[in-house]
Amino acid sequence: MIRKLFQQMVASQIVSAMAVTLCLLIDSIIICRFLGVEAMAAYGLTSPVLLFFAAFGSLLSTGIQVVCSKAMGSGDEKKINRCFSLSIILVTVFSLIGVCVVIVFSDRITTLLGAEKGTEVYRLTKRYLIGFVIGAPAFIGAQILVPFLQMAGQRVRLVTAVLAMTVADIVMDLLDVFALKWDTFGMGLASTVSYFVAVGIGIVYFFQKKCVYKFTRKNLGGGLFKEMALGGVPTLINQVSLVLLVFIINRTMLHIGEAAAVAAYSVVSTIANLGYCLGNGISEVTLMLTGIAYSEEDKKSLREIVKEQTRFAVIIDAVAMAFFLIFAGLLARLFVSTGSAVSPEEARVTVRYASAGLRLFALCLIPSSINAAFKKYYQAIGQIRFSESISVAQNLAFPSLVVLGLGNLLYTNWGTNAGTIGVWLNYLIGETVTLLFISLYVKKKTQKPFASLESYAFIPEDFGADLGDTLELEILQFSDVEKVTTAVTEFCEEKGESKKRTMYAALSIEEMACNILKYGFKEGKGNRIDIRLVRKPDDDLIIRIRDNCEGFDPVNYYDMARPDESDPAKHIGIRMVFRMVKDINYVNSMGLNNLTVRI
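Residues numbered from 1 in each chain as written. Predicted model: local features only at pLDDT ≥ 70, side-chain atom pairs only at ≥ 80, totals over all residues. Heavy atoms only, no water.

Visitor: Quick one: what's the story with the environment of E388, residue by residue and with numbers?
Guide: With respect to the helices and strands, the residue E388 is situated in helix α14 (residues 384–414). Sequence-wise, E388 and Y378 are ten residues apart; in three dimensions their C-alpha atoms are separated by 9.3 Å. Ignoring any residue separated from it by four or fewer positions in sequence, one finds E388 in contact with V233, P234 and I237. (Helix = DSSP H or I, 4+ residues; strand = E, 2+ residues; numbered from the N terminus. Contact = heavy atoms within 4.5 Å.)

Set out below in structure tokens:
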């Protein structure tokens, strides 16, 4: 089911990853075309502040996925609800504090970003910053809604929210340019409105009866916050590294080529962020699936995840790379046009710098996505230090060395054109060296050859149950039920299980599977049931039943299915299963029903 889950989730996750970057892309196109190079430079200078807010959103978003995927694997629905509730509170508090701080200290922040006081760039930077920061609650809220909606299987709603946000941003941007004429403040405000539109569409789900999440005020103490924070720390380090790198590149570009070079970097980085959404989408799916597989101690699924994340990265990014290489010049010209705000010479220079940058960026897409996926994979399996090291290497150490070293060296010897090429090379060299760093580390720890993708799974030999103690089967139709129960019976007998426990295991699977087939399967929907039986060293038999049918909670249903005096046999199957087993948990996540039974 891993490949199918990747296929189902990657597209919507990529679109969802674009939720934050799409408005910024639209803003940058309209700013540069209608407001000029100085406005584009001002927009570029605000990036560290925007990334700072994005860093908190990413911290929470990743922490949510780490905590909830593990809770899903263990069937802890209450923990998922606690995580949901605490996330809402944290977003509200942090975003409101952030808005107040940026507005009160906007002068100091603008100066710190590199804008010289008294200049037009300074004025435009400050105005965009204030217009944008008003929407911080929705900006961060959009980031945390994505994992919850994805886990709830609300992929269509996610795509709808992103499309509505895009339309709202375009309309508001054009309204600012042709009617309101609020320059960069209006552009920032347009993003604010569009984020609130997206959050409004997404939040409707949480007020519906079918919502799988429930707000609670219980057990929201420091323990849960600490777990979420630790789960999101690698992503926070990743974002902080990006903030520092953007700051370094902005300063270097100001030194090398002044406003035109900074504007070109704003163009390249904005389009690059859209390109990075491909890798981010793949890596977020990796994080979610790996968290579940790791908590279930499913070695086979972990190896499949490593293969699928790499396969998807190569295929998707090869197409994207070809697109950027072919249309780099056209994409750059989308941002820059001559007119009252931009002189022909400014436009020509900016387009030339940006086109070269986009082509060099395109070459890094495949290694970048592979690096991003491995980073989230290692985070999910508890290799936190390694994941953090990849973040720093990928987004700060290696690329900043290229920018400060090669960029300045080429500028000093051959001028501005060569200097900008040196800066653009940070993409390709940084990502390639990072992938080599990952490979060398894995080889050192596993002593396995580079060509073996299995070695990158980084699974200790003593992790989880032996493959000989696990049984994995699937059910597609009623005739498969008998085959599966026969296989389960033979497996248990071979492992020396008692007749009673063997019967309980087979009967539990038979009853639950028949209920799913009878009431959950829909013709033409590609429904299936995955069965995984694990014999644990502590003498427990654990059965995981997973299906992609309509949401159904048998635990909640059992509480309502009390014996009916007029019909004692009513609901007898589900009541019998619950009385036979030691423990049973249900979680609905990613549109899948997940039932864990302990015999």
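Visitor: So what about the packing of helix α16 (residues 478–494) against helix α17 (residues 499–519)? Which residues, and what values?
Guide: For the pair α16 and α17, the least separation of the axes is 9 Å and the interaxial angle reads 165°. When the axes of α16 and α17 are compared, the pair comes out roughly antiparallel. Regarding α16 and α17, the two cross each other, and that crossing is right-handed. Residue-level inspection shows F478, V481, V484, T485, V488, T489, C492 and E493 of α16 in contact with α17, the latter providing T502, A505, A506, I509, E510, A513, C514, L517 and K518. For the contact of α16 with α17, a count of residues per class yields eleven nonpolar, three polar and three charged. (Axes fitted to C-alpha atoms, helices over the stretch in contact; angles between N-to-C directions. Parallel < 35°, antiparallel > 145°, perpendicular 65-115°, else oblique. Left-handed = near helix turned anticlockwise from the far one by under 90°. Nonpolar A, V, L, I, M, F, W, Y, C, P; charged D, E, K, R; others polar.)

Visitor: Residue-level account of the pairing of strand β5 (residues 592–598), with values.
Guide: Across the seven residues of β5, six count as buried, placing the element largely inside the fold. Of the pairings in the sheet, the one linking strand β3 (residues 541–547) to β5 comprises six bridges and is antiparallel in character. In the sheet register, R544 faces β5, and the bridge partner there is T596. Between the end of strand β4 (residues 583–589) and the start of β5, which pair antiparallel, lie two residues, with M590 showing a positive phi angle near 55°. (Buried < 20%, exposed > 50% of the residue type's maximum accessible area, 1.4 Å probe, protein only. Pairing = 2+ DSSP bridges.)

Visitor: Explain a nonpolar patch on the surface to me, and be specific about the residues and the numbers.
Guide: Nonpolar side chains collect at one region of the surface, where I88, I89, V93, I97, V101, V104, F105 and F215 lie side by side and expose about 690 Å² of accessible area between them. With respect to the helices and strands, I89 occurs in helix α4 (residues 77–104). The exposure class assigned to I89 is partly exposed, which follows from its relative accessible area of 36%. (Patch = residues over 30% accessible without salt bridge, like charges linked within 9 Å, V, L, I, M, F, W, Y side chains within 5 Å. Areas by Shrake-Rupley, 256 points an atom, 1.4 Å probe, with all protein chains shown as cover. Salt bridge = Lys/Arg side-chain N within 4 Å of Asp/Glu carboxyl O.)

Visitor: Run through the packing of aromatic side chains, naming residues and quoting values.
Guide: Per the stated rule, a full pass over the model turns up 33 aromatic pairs. Taking 5.4 Å as the distance between ring centres and 85° as the angle between the ring planes, the aromatic pair formed by Y43 and Y128 counts as edge-to-face. With Y43 in helix α2 (residues 37–45) and Y128 in helix α6 (residues 120–133), this pair connects stretches of sequence that are 85 residues apart. Ring centres 6.2 Å apart and planes at 40° place the aromatic pair F52 and F94 in the tilted group. One end of the pair, F52, is in helix α3 (residues 47–74); the other, F94, is in helix α4, with 42 residues separating them in the sequence. (Phe/Tyr/Trp six-rings, centres within 6.5 Å; stacked < 30°, edge-to-face > 60°.)

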